[in-house]
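The residues making up each chain are set out below.
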Amino acid sequence: MPVRPRIAIHPVIMPQTLTDLTPDFPLYLDKDALQPLETAARINPAGLSIAQRVALAWHLRQRDTHRALALADEAAALLNAAGDAPSLPQLQARLALLRAESSWLFGDFSSCEHSLQQALSAFTQLGDPAGEGDCRLLAVQLAWDKGEAEARRQLQAACQRCYDASGDPCRQAAILAWTAYFASFERDIEPTLVLEHWQHQHPGIGLPAGFLLFCRAFVACSAGQYHDAAMGWEDAATLLQQYGLIRLAITCLNNASTAAGNLSEYERESLLAEHALSIALPRHWPFSMGQSLRSLGESMRAVGNFSSALQIYEEAASWLTALNRSWLYAVVTFELAVVQMHEQQLDAAQQSLALSEAAIHAGGHMGLLPVVLARRAQALSQSGQHRQALEIAQQALTASEQGYYGAQDTVLEVLAEIHLRHRFPGSTLSPSPALHYLDRFLALKQKDPTYVAEPSLLARYAQAWEQLGNLSKAIEYERKRSEMLERHGNQKAMDRVKALQVSNEAEKAKLAAEHQKALADAEKARALALEASTNTLLALSNIGQEITRCLDSERVFDALSRHVADMLDCQLVQIYQLNEEDGTLDMIIGLLRGEPLPYLSIPLDSPISDTALCVRQQREILRHIDPEQEVPNRFPGPRRIRTTLFAPLCAEGKVLGAMSIQSEQANAYGEVEQMVFRTLCAYGAIALNNAKSYRTLDATLRELTQTQAQLVHQEKMASLGTLTAGIAHEINNPANFAHVGAQSLAIDLERFRSFLLDLAGEDAPANLLQSLNKRIDALIDQSRTIIEGTTRIGNLVKDLRTFARLDEAERKVVNIGDCLQSTLNLVSRHLAPIMHIDSKLDYNPHLECWPAQLSQVFMNLVTNAAQAIQSRRHNEVSPPPGLLTIRSLQDGDYLRIVFEDNGCGMSPQVVRRIFEPFYTTKPVGEGTGLGLSISFGIVERHRGTILVESQEGLGSRFVVKLPVYLS
């Protein structure tokens, strides 16, 4: 796209030179015409006449307000000593007007009105229509800030009459320009056409050019031509600054920032807002500060940084408190409310909207009323006050139908949203209230032939049809929305590319000149660098050896920051480490004159951070800051930084972090300093990469050690299983012999009793028979005791075999309750003095599993519960009786086994690490820290999960969840 040519700057035609200045002062003067007087003031300030001092102060009133006021005080002192000079009243009146404008700029309206009345009375008595018109023009701007629309229009007409009477074409151009400026806010282009015609007839007067660019940019922005608008406002800012209209130039930069944001050029939007703020900040003009902070808040909101936007908007509103009837205050409080609504601060949003509405009514900015009412209704609806929200939304609709531009679509959209959120009975709107307002919104938008329905509108249509039960319509709109999202994204990207092309071509000429100057400076710096290179390289070599020997990241950062501060001029040093998981740069070292700074984390995609930019682009960034500008810092640091240098820390093609240094000296970092900084960054990156590799190697070694320990543990458990099975076998054989023998003995004794009774016969003495039965009964009782003992030995052997199976390599279908009960049988007697085990298996399915491994898990959990209960018993005076509750439950296709104890419990820090290998809270020598780690692995092998909940001092709850495979 071809670049629109910039309009040339023409000096104001003046009736006299400044060196022979009479009391007739030009209203505005371009800086080239002012240069001779400024040069004379620098060379010989004492040689300036009183009139020259007043003239210089007058034309510095916005360029450097504080200096202008100082010159005004000097001139006033000289005027008091001058006696009755003929020009004295005019000079005093001009000084009064200067002080009035200064008070207006600083937001002190009462002082402004007082000085303005003095100046107006003096110029009226002197019969000076030009001076009287200058007072009327300042009164016009004061009325604009105060929101007094009708008074402003009357003052504009009075100013026009004064300037016509003065016959000064420059002042006539000025009132035409300001009239066109104010009319552009009301979408009235007629004054702009008048100004264009006037300039065509008076080509030698350059002042209107800046105003024309402003008004044309306003029209372009209203038509959606945002790249033309942004360029026009940037050009206007340049021209207006040339003529000393600094406040209006700041407004142009802020408007250009908004236009860039509409093109999704968020970086350019932020840079323009920061440029405007850098001009406003040293001046502390409330209007300009509030306006610039508003633009910066818009840029933060555009990139989704709503927390920063909220703080910036709140600061903007505080700056504008004295202008609480102005259009700007109404807009800022309205946009603050929008951000507060996004952050769900609905009460605060209502308060901000109330302030905005008050400013609208007080200042007559009725064009803003519908959208403010609409957002107020939206906030009420989000708070659940649907009926009140609907009433206010209807008021907004009524206001928007009275001709207020650009508001009805917003109101209709909010009404549709309210009806989507809540259904009101008795509505006659067809097919539904939400669809009714959506249709009206769409019909209004379609008056613009270029309009294309946005995805959000299609989504609301889909929701409205879905609420009516018409799913086919809902699906149709949802499909359209999906298609539109894809096209919308592509078109947005194309618009941004076109805008970037235009911006790039427009800046090409200026960059070429700056590049030539940079090349000349670089040549001079190179000569100095070669002279000192030997010593520098030797020092860097020694530093490199020290830094690269470090294998600890903290020592690397400390050494790096120390040597940077020693070798380079820097008041601020910051080192950041890349956090890939969070996508942030986290500050590791931050020193301001040797003092540590608060912790700072920067999003990697931050559009305003040079640190993030240097990492994303993997290049150094050097900034030279104009000493006459106050650049706002986004981090703690010196108020007047002159030079900044940023570089990524890269090694083996990977970015590890970034480092930045900042100096209060202008041009602090030439080629030599950049080379030193670059080398130190390279050494630091290599050392950090080495430290990272060392940490990786160390972690791998620890992992291998853990794996080895687990394998050894598993081998021990396998050996224990084999040993246990062997012992069980050896015990079981003789026990079986004894059991069978005892059973046979009992049978034989009964037979022997019968034999003896038969042998004794019926005539045998009673006492003999009684003695015989008694002895045989004793022998049978002894045999039953043997049977009971061998039965217990058999059960114990069975439990041992269940706990230590030898078929580890095979999965088997077993009854899980048998596995758990066998484990409990083994430990119940041993743990009986410590705790009572309450086991209830409501769900006892068959599981396909490795039984021995699950038995090991159960054993670990029961043993840990006993140890926790014992620990609580040692630490408390009156602990409750130890209790372990075990329950099994069905959970869909899963078995859930819950182990819950009333032991000592665990802290959240311990719970987070409880399944780590080798982590234990027991004293040295009392635990390996592998029990729960191995249990975790076993449960995972069975495709299950093990979870833990614990409260310190109350107990713990372990839940083992296993998939069920029915045999």
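In this text, all values refer to a predicted model and were calculated from it rather than measured experimentally. (Residues numbered from 1 in each chain as written. Predicted model: local features only at pLDDT ≥ 70, side-chain atom pairs only at ≥ 80, totals over all residues. Heavy atoms only, no water.)

A. Quick look at the pairing of strand 7 (residues 654-663). Along strand 7, nine of the ten residues are buried, which leaves the element largely enclosed by surrounding structure. Judged from the six bridges that link them, strand 1 (residues 572-579) and strand 7 form a sheet pairing that is antiparallel. From the neighbouring strand, I575 faces strand 7, where its bridge partner is M659. Note that strand 6 (residues 643-651) and strand 7 share nine bridges and pair antiparallel. By the bridge assignment for strand 7, C650 is matched with V655. If you look at the hairpin formed by strand 6 and strand 7, you'll find two residues sitting between the two strands, and E652 has a positive phi there, around 55°. (Buried < 20%, exposed > 50% of the residue type's maximum accessible area, 1.4 Å probe, protein only. Helix = DSSP H or I, 4+ residues; strand = E, 2+ residues; numbered from the N terminus. Pairing = 2+ DSSP bridges.)

B. How the structure looks around the packing of aromatic side chains. Scanning all chains against the criterion turns up eight aromatic pairs. Measuring from centroid to centroid gives 5.0 Å for W144 and F182, while their planes differ by 45°, and the two rings are tilted. With W144 in helix 6 (residues 129-146) and F182 in helix 8 (residues 169-184), this pair connects stretches of sequence that are 38 residues apart. Each member of the pair W144 and F182 is classed as buried. With a centroid separation of 4.8 Å and 10° between ring planes, the pair formed by Y461 and Y477 is classed as stacked. (Phe/Tyr/Trp six-rings, centres within 6.5 Å; stacked < 30°, edge-to-face > 60°.)

C. Spotlight on the packing of helix 2 (residues 50-59) against helix 3 (residues 65-81). Direction vectors running N to C along helix 2 and helix 3 enclose 155°, while the axes themselves pass 8 Å from each other. In this view, helix 2 runs roughly antiparallel relative to helix 3, as classed from their interaxial angle. Of the two elements, helix 2 crosses helix 3, and the hand of that crossing is left-handed. Here helix 2 contributes I50, R53, V54, L56 and A57 to the contact with helix 3, which in turn contributes R67, A68, L71, A72, E74, A75, L78 and L79. A class-by-class count of the residues in the contact of helix 2 with helix 3 yields ten nonpolar, no polar and three charged. (Axes fitted to C-alpha atoms, helices over the stretch in contact; angles between N-to-C directions. Parallel < 35°, antiparallel > 145°, perpendicular 65-115°, else oblique. Left-handed = near helix turned anticlockwise from the far one by under 90°. Contact = heavy atoms within 4.5 Å. Nonpolar A, V, L, I, M, F, W, Y, C, P; charged D, E, K, R; others polar.)

D. Region of the structure containing the nonpolar core. Counting residues in each nonpolar core, the largest one holds 159 residues, and the members touching the most others are W178 and W233. Each residue touching W178, except ones within four places of it in the same chain, is listed here: Y28, L137, Q141, F211, L245 and L248. Counting 41 residues, the second largest nonpolar core, distinct from the first, contains I837, A866, V910 and V960. (Core = buried A, V, L, I, M, F, W, Y, C linked by side-chain atoms within 4.5 Å.)

E. Main features of the pattern of salt bridges. Summed over all chains, the structure comprises 29 salt bridges. A salt bridge links R872 to E876, with the shortest nitrogen-to-oxygen separation between them at 2.9 Å. Overall, the relative accessible area of 11% leaves R872 in the buried class. Among the salt bridges present, the one from E949 reaches R957, with a minimum N-O distance of 4.0 Å. A single salt-bridge network, built from bridges that share partners, covers R94, D134, D168 and R171. (Salt bridge = Lys/Arg side-chain N within 4 Å of Asp/Glu carboxyl O.)

F. Spatial organisation of a nonpolar patch on the surface. Together, I189, L193 and V219 make up an exposed nonpolar region whose accessible area comes to about 260 Å². The residue V219 is located in helix 10 (residues 207-222) in this model. Using a relative accessible area of 46% as the deciding quantity, one classes V219 as partly exposed. (Patch = residues over 30% accessible without salt bridge, like charges linked within 9 Å, V, L, I, M, F, W, Y side chains within 5 Å. Areas by Shrake-Rupley, 256 points an atom, 1.4 Å probe, with all protein chains shown as cover.)

G. Up close: the sheet that holds strand 12 (residues 894-901). Read across the open sheet, the five strands follow the order 9-11-12-14-13; overall the sheet is mixed. Each edge of the open sheet is held by one strand with a lone partner, namely strand 9 (836-841) and strand 13 (945-951). Taking each pair of neighbouring strands and ignoring which way they run, the sheet shows an average axis angle of 15°. Bridge analysis of strand 9 against strand 11 (residues 883-891) gives six bridges, and the strand direction is parallel. When the sheet's bridge partners are listed, H836 is paired in strand 11 with L883. Contacting strand 13 and strand 14 (955-963), helix 32 (residues 931-941) runs over the sheet at an angle of about 25° to strand 14.

H. Molecular detail of unusual backbone geometry. Backbone geometry places S264, a non-glycine residue, at a positive phi of 65°. Looking at the secondary structure, you find S264 in the loop between helix 12 (246-262) and helix 13 (266-280). For S264, a relative accessible area of 6% translates into the label buried.

I. Examining the packing of helix 14 (residues 286-302) against helix 15 (residues 306-319) more closely. Closest axis-to-axis distance for the helix 14/helix 15 pair is 8 Å, and the angle between their directions is 165°. Judged by the angle between their axes, helix 14 and helix 15 are roughly antiparallel. Once helix 14 is placed against helix 15, the crossing between them reads as left-handed. Residue-level inspection shows P286, M289, G290, L293, R294, L296, G297, E298, M300 and R301 of helix 14 in contact with helix 15, the latter providing F306, S308, A309, I312, Y313, E315, A316 and W319.

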